[in-house]
Amino acid sequence: MKRLGLFWVLAMLQACAVENVDSEVSETASSDAYATCAACHLANGVGIPGGFPPIRNRAAAIAGLEDGKAYLITVVSFGLMGQIEAGNMPYFGVMPGNKGPMSVADIAAALNYTVFELVDDKSTVASIDPFTADEVSAVQSNTSVGSPNTAAMIRRELVARHGDKWPE
Ligand code: HEC
């Protein structure tokens with residue numbers, strides 16, 4: 001019993017230490033903020049074929065497109081619904097929005113982790129500016145109707161302009 005008690009004390013100390021570090025870097029890549037996403041897209045971002053699309057390398061490629069960052073912020077804030085194709089596989093799912101449960105800083109941190117950490121070749125994202133809380137707020141307040149369909153509409157425009165092989 002004593003041993004178990006010590007274990008919990010140590011575990012809690014460790015949890016506090018992790019939390020402190022994260023609050024200092026809340027707008028930079030945070031795997032804590034990404035934990036919400038990992039539930040569906042998995043810790044390494046490869047997703048589950050046919051269920052949850054891969055975002056590893058893919059979000060990085062999208063972030064490099066004109067208006068791509070705003071699309072990513074819209075997806076994470078308001079969700080995404082409708083048929084999409086990712087990695088030559090169709091998906092017809094619903095991703096819930098996170099505005100509310102996640103602060104703008106958390107959304108920026110989750111996106112920074114997704115784009116800058118879940119990418120095999122980091123040189124491909126070297127020229128992309130990190131997401132900031134202000135940028136997330138701006139996209140959220142510019143979006144008149146924030147729903148999973150809003151992101152689906154923006155996605156259709158992106159696909160029309162750039163195709164949907166992300167990455168090529
Ligand atoms: C409950 C499961 C779930 C969670 C949690 C979730 N997603 Fe998703 N995500 C999905 C599904 C399902 C889709 C595809 C929706 C569709 O078929 O229209 C998707 C789509 C996406 C896309 C669009 C990919 C493309 O090709 O356009 C991105 C980017 C994304 N998610 C990132 C994230 C990030 C970042 C988080 C965490 C903040 C997250 N998701 C949390 C289920 C989830």
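Position numbers for residues count from 1 along each chain, tracking the sequence in the order it is written. Reporting of local features is limited, given that this is a predicted model, to residues whose pLDDT is at least 70; pairs of side-chain atoms are given and counted only at 80 or more, and all residues count toward the totals for whole chains, interfaces and linings.

**Here's the deal with the overall build of the chain**
Here is the rule: To qualify as a helix, a DSSP run of H or I must reach at least 4 residues; to qualify as a strand, a run of E must reach at least 2; elements of each kind are numbered from the N terminus. Note on burial: count the other C-beta atoms lying within 10 Å of the residue's C-beta; 20 or more is buried, 12 or fewer is exposed, in between is partly exposed, and C-beta positions come from the backbone. Whether two residues are in contact depends on their C-beta atoms, placed from the backbone: they are in contact if these lie within 7 Å.
Per the secondary structure count, the chain includes seven helices and two strands. Written out in order from the N terminus, the α and β elements of the chain read α-α-α-α-β-β-α-α-α. Relative to its 168 residues, the chain shows a buried fraction of 32%. Considering only contacts in the chain between residues 6 or more positions apart, those separated by 24 or more positions represent 72%.

**Remarks on the packing of helix α5 (residues 104-116) against helix α6 (residues 133-142)**
To be explicit about the condition: The axes used here are C-alpha line fits, helices contributing only the stretch in contact, and every angle between their N-to-C directions lies in the interval 0 to 180 degrees. Oblique is the label for any angle not covered by the other classes, which are roughly parallel (under 35 degrees), roughly antiparallel (over 145) and roughly perpendicular (65 to 115). Throughout this entry, Asp, Glu, Lys and Arg are counted as charged residues, while Ala, Val, Leu, Ile, Met, Phe, Trp, Tyr, Cys and Pro are counted as nonpolar. The remaining residues, Gly among them, count as polar.
Contact geometry of α5 with α6 gives a least axis separation of 8 Å together with a crossing angle of 110°. The angle between α5 and α6 places the two elements in the roughly perpendicular class. Two secondary-structure elements touch here, α5 through V104, A105, I107 and A108 and α6 through A133, V136 and S137. When the residues that make up the contact of α5 with α6 are grouped by side-chain class, the tally is six nonpolar, one polar and no charged.

**Points about the confidence of the model for the chain**
The test is simple: Per-residue confidence from the predictor is reported as pLDDT, a score between 0 and 100.
Scored by pLDDT, the chain comes out at a mean of 87, with 84% of its residues at no less than 70. Every residue in residues 6-26 scores below 50 in pLDDT, and together they form five contacts with partners more than four places removed in sequence or on other chains.

**Overview of the site of the ligand**
We apply this condition: Residue proximity rests on one test: whether the C-beta atom, placed from the backbone, lies within 6 Å of the molecule or strand.
Neighbouring the ligand are 29 residues, the closest being C37, C40, Y91, G93 and M95. Elements supplying a minimum of two residues to the shell around the ligand: α2 (31-41), α3 (58-63), α4 (68-78), β1 (79-86), β2 (89-96) and α5. Counting residues per element, the shell around the ligand draws most heavily on β2, which supplies six residues. Within the shell around the ligand, the residues separate by chemical class into 21 nonpolar, six polar and two charged.

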